[in-house]
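The lines below spell out each chain.
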Amino acid sequence: MVTGAVRVLRAAVVPLALIGLTALAGVVLGRVYAGSLLTGLVVGAAAGSVLVSVAARRLPSWLVAPVSVAAMVGWTLWSLRLAADRAALPGGLLEITGDAARNGIPRLLTAMIPVEPTPDTVLVPVVAAWLAGLAGAEVALRTGRVLLGYLPAAGLYAAALYVVGPNAAPAVGVTVAFVAVAAVGLAAPTGAASAPTDLAPRVRAAVRLRLATSAALGVALVVGLVALLGPVVADQVDGRPVDPRRYVEPPQVQTLDENPLIRISGWALRPEQKLLDVSTERTGVSPQVPGGAAPGAEPAGGAGGGARIRLAVLSDYDGVTWRVGATYRNAGRILPAAAPSRDSTVETVRQQITVAELSGRLLPAVATPREVSGARVAYDPASGTLIRPEGLTPGLRYAVTSAEEQPDPNLLASANVPAGAEVARVLRVADGVPDPMRRLAAQLAEENGAPYARAQAIEQFLAEHYRVVADAPSGHAYPNLGFFLFGPRAGGGQEGTSEQFAAAFAVLGRLSGLPTRVVVGFRAGKQGPVLAGDAFAWPEVLFDGLGWVPFDPLPRPNEEPRPVEEDFRPTPEDPPPSEAPAPTVEPSASPEPVAAGDGPPGRAGVSTPLLVAGGSGGLVLLVGALLLTLLAMRRSLTRARLGRGDPGQRIAGAWREVTDALRLAGRPVGDDLAATEVAGHARQTLAAARAGTTADSTTADGTTDGPAVDDLAALLNQVSFAPGAATPDQAARAAEVAMAYVNTLRSARPWWRRLLWSVHPTPLRRARR
């Protein structure tokens, strides 16, 4: 009886060792997961795979694998369903399993630490643990080669250490436990490794000697390997492990989302478009006016207990475009919590948000989100913004809980701003700043020493001197901001949308030494729809101990802006030349006329008619040669624009053909107009030319059945905001549209204008600029 129990214990040592070794790989990997769910699922997979092999030892070896795989499928499906329920993910089991199978490995390597145990982040560890346990059990239990049977578990353990990388403390204790469990399994003889009892004493002694010798050789091999590899491993103890996540690209935002600031003008033109439905609940401290808001400004939380919802945070500016520049990592329901600013209070905001017509991948939320349910998200901790990698779809409903910081307004006046490498990104000023803008920033900074006073001065200057208009063209490059700040009011300057106000504040702030960024978002009430008219942009300034403080440079309602020239007049870059009186030139004595008959003797003069005929013929030839030269140069210019360079350059050349045609038709366009506005102007010009009237007599929309100039404008915008994305087919399409428009507009002109069209030198002069 006792002997049977001992045999059972001996037989159980190796299976238990295999379970323990495989489970320890789950313990190592679980250190970068949130909670203990992943560790429990891996332990279950380890136990299940080994126990199935133990129970099926009497079955043929070819039958064990199918039985174990069937059990693995059942355990895996149950694990995925449990993980989905814990993470509150919607969808059926089939949908969840398919998504996890497609995206398991990339999402595991791009997930944010700590990793949320979701179906796609537990599938690979559970399946790998089961297969490692199955392979180890079959080798160790059927053939008696225990050390060889440890290889799958050891490989799984090494893979777990590699995936964890530098994102957790060294697993010294777990590794010691792994070695100890492996040693216990090796010390216990299996049935295949013990000497049979029915042998003769001499034979049994020989078998035991052989087994002892093999064990001694195995121990000597292990000791030798330890002596050989020990110093190498010891040298790497203090080294930083390689992070496999750096080899996998995390989820990226689309071009539309990289610069959502350009969407402000489009939303302003369609203010009734429904983008979201929002329900907001606040707990904790009551909303207070943000430190940077001007007197009478809207609270940070919005009116009536609502919220200011962030869509994107833009920190990078190259003088042309503000960009998000964020690194998003797949995240679970619980997001990493960052410590709040030292001198700020925190209010908990819970929202239920339903997407209506908002497009893109950026997921709106109040700053700073801490928990998201109902949608799979990726998160950027630096900006505190979210994306949905699959993109937004109408009807998507999710819940988000945020920790909204409220800075102490009493500390703003004396607060400093940080400096150094950590904030160099939000202090960087791109090359090419217009001199008037530098002088304006210097003037505002000289009059206000403290950082908060400088920020308030910029805010007040913009609010008092500029006007908000919904139909202002989009753009925030240096030329656009220069026209917005200093352009003539009668010509469309000194007015814009919140895009120009926020971008101008951020640039002037950086020129004044303030770390700034631009935020795009929405004003939302406590409950109800969020419309396109609720979208706006605002600047923020980073203060020590207070965090990012929003400012409101928009003018107050019903206040007429003062002319900029009252408080700032840009000095001309080049002083005009002095107006010195021109020197007086004394007239010289006129030569005395020569008599007609005083010519050289014996030479007859040329007759007047012959001189006139020769001069006229030479003039005609000269004019003809000039016209042919102009015609050849014009055609060469057109061929170069439409046929040379990359597709983006050819699309830009096609656009210049259209603008040159408008200039030749007497309807030139200004350089400050957007491409879509120029396209509308082109349609009106063509309609007026066909009708034989002025452009003012056309219909309001200026529609015509002529060439699709709007398609060409869309291609130009694509080239401007996504350089290198244009294809040769799109370039060919742009050339086709441009030539069709030019020919149609030319054919609608009078015959004598058509003759001059092809030789007019204006496009040649403009091409040299």
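Owing to the predicted nature of the structure, the values given are computational and were not obtained by experimental measurement. (Residues numbered from 1 in each chain as written. Predicted model: local features only at pLDDT ≥ 70, side-chain atom pairs only at ≥ 80, totals over all residues. Heavy atoms only, no water.)

Caption draft 1: Region of the structure containing the packing of aromatic side chains. As enumerated under the stated definition, the model contains 13 aromatic pairs in all. Centre to centre, the rings of tyrosine 452 and phenylalanine 543 are 6.3 Å apart; their planes meet at 65 degrees, and the pair counts as edge-to-face. Taken as a pair, tyrosine 452 in helix 12 (residues 451–465) and phenylalanine 543 in strand 16 (residues 535–543) lie far apart in primary sequence, 91 residues in all. Assessed through its relative accessible area of 11%, tyrosine 452 is described here as buried. The exposure class assigned to phenylalanine 543 is buried, which follows from its relative accessible area of 2%. What links up through ring pairs into an aromatic cluster is the set Tyr452, Phe505, Phe543 and Phe551. Taking NZ or CZ as reference, arginine 517 lies 4.1 Å from the ring centre of tryptophan 548, over its face. Over the aromatic face of phenylalanine 536 sits the side chain of arginine 523, whose NZ or CZ is 3.7 Å from the ring centroid. (Phe/Tyr/Trp six-rings, centres within 6.5 Å; stacked < 30°, edge-to-face > 60°. Helix = DSSP H or I, 4+ residues; strand = E, 2+ residues; numbered from the N terminus. Buried < 20%, exposed > 50% of the residue type's maximum accessible area, 1.4 Å probe, protein only. Lys NZ or Arg CZ within 6 Å of the ring centre and 35° of its normal.)

Caption draft 2: The nonpolar core, seen in detail. Among the nonpolar cores identified, the biggest contains 82 residues, and Trp267 and Phe543 are the most heavily contacted of them. Sort the elements by how many residues they give to this core and helix 14 (residues 498–511) lands first, with eight residues. Setting aside residues up to four positions removed in sequence, phenylalanine 543 forms contacts with Leu412, Ala415, Asn416, Val417, Pro418, Pro451, Tyr452, Val549 and Phe551. (Core = buried A, V, L, I, M, F, W, Y, C linked by side-chain atoms within 4.5 Å. Contact = heavy atoms within 4.5 Å.)

Caption draft 3: Broad picture of the confidence of the model for the chain. Confidence in the prediction of the chain, expressed as mean pLDDT, is 81, and 81% of residues score 70 or more. Low pLDDT, under 50, characterises residues 286–303; the predicted model gives this stretch 49 contacts beyond four residues in sequence or across chains. Counted against residues more than four places away or in other chains, residues 572–605, with its pLDDT under 50, gives one contact. (pLDDT = per-residue confidence, 0-100.)

Caption draft 4: The arrangement of helix 18 (residues 709–721) in detail. In this model, helix 18 (13 residues) spans 19 Å end to end at C-alpha, consistent with the 18 Å of a helix rising 1.5 Å per residue. Among the residues of helix 18, those classed as buried are Val709, Leu712, Ala713, Leu715, Leu716 and Val719. Seen end-on, helix 18 carries its buried residues on one side only, within an arc spanning 160 degrees. Looking at the packing, one finds that the buried side of helix 18 touches helix 16 (647–664), helix 17 (675–691) and helix 19 (728–747). (Expected span 1.5 Å × (residues − 1). Arc of directions from axis to C-beta.)

Caption draft 5: Main features of helix 12. Between the first and last C-alpha of helix 12 there are 22 Å, a value that for 15 residues agrees with the 21 Å anticipated at 1.5 Å per step. Three or more residues of helix 12 are buried, namely Pro451, Tyr452, Arg454, Ala455, Ala457, Ile458, Glu459, Phe461, Leu462, Ala463 and His465.

Caption draft 6: Structural context of the pairing of strand 11 (residues 397–407). In terms of burial, strand 11 is a largely internal element, eight of the eleven residues being buried. Sheet analysis places strand 6 (residues 344–355) next to strand 11, joined by eleven bridges and oriented antiparallel. Considered in strand 11, the bridge of threonine 354 is made with arginine 397. Looking at chain direction, strand 8 (residues 369–373) and strand 11 are connected through four bridges and run antiparallel. Following the sheet pairing, valine 372 is matched in strand 11 by valine 400. (Pairing = 2+ DSSP bridges.)

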